[in-house]
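Topology and contacts: notes
Residue-level listing of the chains:
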Amino acid sequence: GRPPGYEPGAGARASSVAGQVWRLAKDANGCREVQLAFEALDDDEDRAALASELRGHIWEAVRCPHANHVVQKCIVSLQPEAVQFIIDELVVNGASPGGVSQAARHRYGCRIVERLIEHCTAPQVQQLIEALMVDAVTLSKHPYGNYVMQHILE
């Protein structure tokens, strides 16, 4: 039989978004197309190649009503080590010190941080938690940040 989720033409869908992942991710229809491409691919390297097109755009994706869904799909579709670049952009190369807590306070960014907490390795989650704990009291009282803090405690 065919693998679960098999769709004829899935490979064609993935190749049709290759090279334009970021452009498509910012648009309502395009972001769905990119998410379907991630689902259609059954090879980790192919998914990682698509995800790599988001490098340098994570902060924009945090604030985008469409691209944030693509970043979340990357996190749940890829091996944890393949999403380290997302953590790096949020924690290390943040817009300012405390970058990941800025993401946690954003209506879309909080979802990205939650997916990272759910799907990453213990050392990766530790890196996020250390960055978030600096701002723990403020985040706990924040309309979006409190969800991230609850996620850590679960």
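Quick caveat, the model's predicted, so the values are computed rather than measured.

Here we come to a negative patch on the surface. A surface patch of negative charge is lined by Asp-42, Asp-43, Glu-45 and Asp-46. Tracing the backbone shows Asp-46 in helix H4 (residues 44–52).

What follows deals with the confidence of the model for the protein. Per-residue pLDDT for the protein has a mean of 89; in total, 87% of the residues score no lower than 70. Mean pLDDT across the elements of the protein bottoms out in helix H1 (residues 10–17) (70) and peaks in helix H6 (residues 67–77) (98). Within the model, the stretch residues 2–6 combines pLDDT values under 50 with 0 contacts to residues more than four positions away or in other chains.

Two elements in contact, helix H9 (residues 109–119) and helix H10 (residues 122–133), have axes separated by 9 Å at closest approach and are oriented at 135°. With respect to H10, the element H9 is oriented oblique. Together, Val-113, Leu-116 and Ile-117 of H9 and Val-125, Leu-128 and Leu-132 of H10 make up the contact between the two elements. Partitioning the contact of H9 with H10 into residue classes produces 6 nonpolar, no polar and no charged.

This part is about helix H12 (residues 145–153). Of all the residues in H12, the buried ones are Gly-145, Asn-146, Val-148, Met-149, His-151 and Ile-152. Of the surrounding elements, those touching the buried residues of H12 are helix H8 (99–104), H9, H10 and helix H11 (136–141).

A few words on the side chain of Arg-115. Inspection of the secondary structure puts Arg-115 in helix H9. Only 2.8 Å separates the side chain of Arg-115 from the side chain of Gln-72, close enough to count as a polar contact. Excluding residues that lie within four positions of it along the chain, Arg-115 makes contacts with Gln-72, Ile-75, Val-76 and His-151.

With that settled, consider the environment of Ala-104. Counting through the fold element by element, Ala-104 comes out in helix H8. Overall, Ala-104 belongs to the buried group, its relative accessible area being 0%. For Ala-104 and Leu-139, which are 35 residues apart along the polypeptide, the C-alpha to C-alpha distance reads 7.6 Å. The residues contacting Ala-104, other than those within four sequence positions of it, are Cys-110, Val-113, Leu-132, Leu-139, Tyr-144, Gly-145 and Val-148.

Thresholds, definitions, all that
- Residues numbered from 1 in each chain as written.
- Predicted model: local features only at pLDDT ≥ 70, side-chain atom pairs only at ≥ 80, totals over all residues.
- Heavy atoms only, no water.
- Patch = residues over 30% accessible without salt bridge, like charges linked within 9 Å, V, L, I, M, F, W, Y side chains within 5 Å.
- Areas by Shrake-Rupley, 256 points an atom, 1.4 Å probe, with all protein chains shown as cover.
- Salt bridge = Lys/Arg side-chain N within 4 Å of Asp/Glu carboxyl O.
- Lys, Arg positive; Asp, Glu negative; His and termini not counted.
- Charge placed at Lys NZ, Arg CZ, Asp CG, Glu CD.
- Helix = DSSP H or I, 4+ residues; strand = E, 2+ residues; numbered from the N terminus.
- pLDDT = per-residue confidence, 0-100.
- Contact = heavy atoms within 4.5 Å.
- Axes fitted to C-alpha atoms, helices over the stretch in contact; angles between N-to-C directions.
- Parallel < 35°, antiparallel > 145°, perpendicular 65-115°, else oblique.
- Nonpolar A, V, L, I, M, F, W, Y, C, P; charged D, E, K, R; others polar.
- Buried < 20%, exposed > 50% of the residue type's maximum accessible area, 1.4 Å probe, protein only.
- Polar contact = N/O pair within 3.5 Å; in protein donor to acceptor, adjacent residues only side chain to side chain.

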